[in-house]
Every structure is written in C-alpha cells, then in structure tokens.
Amino acid sequence: MKVTDVTAHVLSTPLEKPFAFSQGWVRKRSAVVVEVATDEGVTGWGESLCHGLQPPEVAASFVEHLFGPMLVG
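Given the structure is predicted, the values throughout are model-derived calculations rather than measurements. (Residues numbered from 1 in each chain as written. Predicted model: local features only at pLDDT ≥ 70, side-chain atom pairs only at ≥ 80, totals over all residues. Heavy atoms only, no water.)

S.K.: Describe in detail the pairing of strand S3 (residues 43–48), supporting the description with residues and values.
M.R.: With 6 bridges joining them, strand S2 (residues 24–38) and S3 adopt antiparallel strand pairing. Along S3, the bridge assignment pairs Ala-37 with Thr-43. Here S2 folds back onto S3 in antiparallel fashion, the turn holding 4 residues, of which Gly-41 has a positive phi close to 85°. (Pairing = 2+ DSSP bridges. Helix = DSSP H or I, 4+ residues; strand = E, 2+ residues; numbered from the N terminus.)

S.K.: A description of the sheet that holds S2 should follow, citing residues and the corresponding values.
M.R.: Taking strand neighbours across the sheet as the criterion, the 3 strands line up as S1-S2-S3 in an open arrangement whose pairing is antiparallel. Edge positions in the sheet fall to strand S1 (3–21) and S3, since each of these pairs with one other strand and no more. Taking the axes of each pair of neighbouring strands and ignoring which way they run, one obtains an average angle of 20° across the sheet. Two elements, S1 and S2, share 14 bridges in a ladder whose sense is antiparallel. Opposite Val-6, over in S2, you have Val-36 as the bridge partner. Packed on one face of the sheet, helix H1 (residues 56–71) meets S1, S2 and S3 and runs near 165° to S1. (Axes fitted to C-alpha atoms, helices over the stretch in contact; angles between N-to-C directions. Contact = heavy atoms within 4.5 Å.)

S.K.: Please give an account of H1 that cites residues and values.
M.R.: In this model, H1 (16 residues) spans 21 Å end to end at C-alpha, consistent with the 22 Å of a helix rising 1.5 Å per residue. Its maximal kink placed at Val-63, H1 deviates by approximately 35°. For H1, the full list of buried residues reads Pro-56, Ala-59, Ala-60, Val-63 and Gly-68. Among the residues trailing H1, Gly-73 stands out with phi positive, at a value near 95°. (Expected span 1.5 Å × (residues − 1). Bend = angle between axes of the 7 residues up to and from the residue. Buried < 20%, exposed > 50% of the residue type's maximum accessible area, 1.4 Å probe, protein only.)

The structure is reproduced here in structure tokens:
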C-alpha cells in the first residue's frame, strides 16, 4: 500500500463570544483536518496542530507543501 495523496482541509468559524488570555484575543476556532489516501482505496484522517491565534492556513501549508510530498509514494 502506498500513499497517493495528502490533503489539508481548513476548518474555521468565528466565536460568538471572543475571549482573551495571556497571548491575546481568540476570535475564532480553527482546525486543520488531514486526509491521507492510498492506492488501495484506504483513506485515513488526522488533525494538525492549530492554535487559536495563528491562521490555520499556516499548518495547512506545511502539510501540503512539506509533509505531504514526503509521504506520497
């Protein structure tokens, strides 16, 4: 079985009631869900670390442009 594709799905939604902590204000909740597909039709799912203050697109970029190419094949 070989990995054929790695896709990062960015999920984000604004918070109805933003909150603050020592690092700053959190105005939305975000996640990066990672989909890994294989040549045998098996698909796996995982989640990439995504803190509240950083844009989730940063984690998605690492998955798609750095880690994904290392896994494919």
